[in-house]
Amino acid sequence: QQQVKQSPQSLIVQKGGIPIINCAYENTAFDYFPWYQQFPGKGPALLIAIRPDVSEKKEGRFTISFNKSAKQFSLHIMDSQPGDSATYFCAARDGQGAQKLVFGQGTRLTINP
Amino acid sequence: NAGVMQNPRHLVRRRGQEARLRCSPMKGHSHVYWYRQLPEEGLKFMVYLQKENIIDESGMPKERFSAEFPKEGPSILRIQQVVRGDSAAYFCASSPIQGEGFFGPGTRLTVL
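Here goes a summary of the coordinates provided.

Rules used in this analysis
- Residues numbered from 1 in each chain as written.
- Chains lettered and ligands numbered in written order.
- Predicted model: local features only at pLDDT ≥ 70, side-chain atom pairs only at ≥ 80, totals over all residues.
- Heavy atoms only, no water.
- Phe/Tyr/Trp six-rings, centres within 6.5 Å; stacked < 30°, edge-to-face > 60°.
- Helix = DSSP H or I, 4+ residues; strand = E, 2+ residues; numbered from the N terminus.
- Buried < 20%, exposed > 50% of the residue type's maximum accessible area, 1.4 Å probe, protein only.
- Pairing = 2+ DSSP bridges.
- Axes fitted to C-alpha atoms, helices over the stretch in contact; angles between N-to-C directions.
- Core = buried A, V, L, I, M, F, W, Y, C linked by side-chain atoms within 4.5 Å.
- Contact = heavy atoms within 4.5 Å.

## A word on the packing of aromatic side chains
And step 1. Applying the stated criterion across every chain yields a total of 18 aromatic pairs over all chains.
And step 2. Taking 5.5 Å as the distance between ring centres and 55 degrees as the angle between the ring planes, the aromatic pair formed by B:Tyr35 and B:Phe103 counts as tilted. In this pair, B:Tyr35 sits in strand E4 (residues 31–37) while B:Phe103 sits in strand E10 (residues 102–103), placing the two residues 68 residues apart along the sequence. Accessibility classification places B:Tyr35 together with B:Phe103 in one group, the buried group.
And step 3. Members of the aromatic cluster, joined through ring pairs, are A:Tyr36, A:Phe89, A:Phe103, B:Tyr33, B:Tyr35, B:Phe45, B:Tyr48 and B:Phe103.

## Overview of the sheet that holds strand E3 (residues 19–24) of chain B
All names here are of chain B.
And step 1. In space, the four strands of this open sheet follow the order E1-E3-E8-E7, with antiparallel pairing throughout. The strands lining the two open edges of the sheet, one partner per strand, are strand E1 (5–7) and strand E7 (65–68). Each strand axis lies, on average, 15 degrees off the axis of its neighbour in the sheet, ignoring direction.
And step 2. Sheet analysis places E3 next to strand E8 (residues 75–79), joined by five bridges and oriented antiparallel. By the bridge assignment, leucine 21 is partnered in E8 with leucine 77.

## Examining the nonpolar core
And step 1. Of all hydrophobic cores here, the largest spans 25 residues; its most connected members are A:Val4, A:Phe33, A:Trp35, A:Phe73, A:Leu75 and A:Tyr88.
And step 2. For this core, the leading source of residues is strand E9 (residues 86–94) of chain A, giving four residues.
And step 3. For A:Leu75, the residues in contact, after removing those within four places along its chain, are A:Pro19, A:Ile20, A:Ile21, A:Trp35, A:Leu47, A:Ile48, A:Phe62, A:Thr63, A:Ile64 and A:Tyr88.
And step 4. If you look at the next biggest cluster of nonpolar residues, it comprises 23 residues, including B:Met46, B:Ala67, B:Ala88 and B:Leu109.

## Brief notes about the environment of B:Ala67
Residue and element names in this part refer to chain B.
And step 1. For alanine 67, the location among the structural elements is in strand E7.
And step 2. The exposure class assigned to alanine 67 is buried, which follows from its relative accessible area of 12%.
And step 3. Along the primary structure alanine 67 and glycine 101 are separated by 34 residues, whereas in three dimensions their C-alpha atoms are 18 Å apart.
And step 4. If near-sequence neighbours (up to four positions away) are discounted, alanine 67 is found in contact with Val47, Leu49, Ile54, Met60, Ile76 and Leu77.

Here it is as structure tokens:
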């Protein structure tokens, strides 16, 4: 089953806090795991991505943790700012065939000042 | 260095009309993916095209929907005889190679 489950659906954090968004998948053919940030009325923008042979990747304030055996990965945002308020989607790429992305349901993140 | 362009950005159609959504990929990109986003949901894959070829249309509804990516010009997603349930945001992503993608700003279709 080509599914990616994302939680929580919404998250409110105070400025400076560390929001954590979690995703889980089933399909072992997934070979690439990106996170997208989407602002209202805009398209998704690639934030950070990881491949399954790596357990952690950090870019600026954003960190992905990846647990291959548990088929789970998560996004951490350090020193969160009000400008980080957006909807975040995890995704997984099917390494076979068209290599399409399968998206999670999204997390609406609000960072309060 | 223009990004992926989609037009129109907003499209309003009455039930039964046709909707045509255009996607101009980034320069040098020959792979295009179309995704649909229903309100409060994640994006769902619809179709993957390379120049002049449909490679995977497993996410497309069997009826009323079609897509093309001609040798010249933008990729087109066509929805015939639109219904209220077609109201959504439609995004395309273009890529120089299979599997990577830069998303456009989307077309928001409203069916009255």
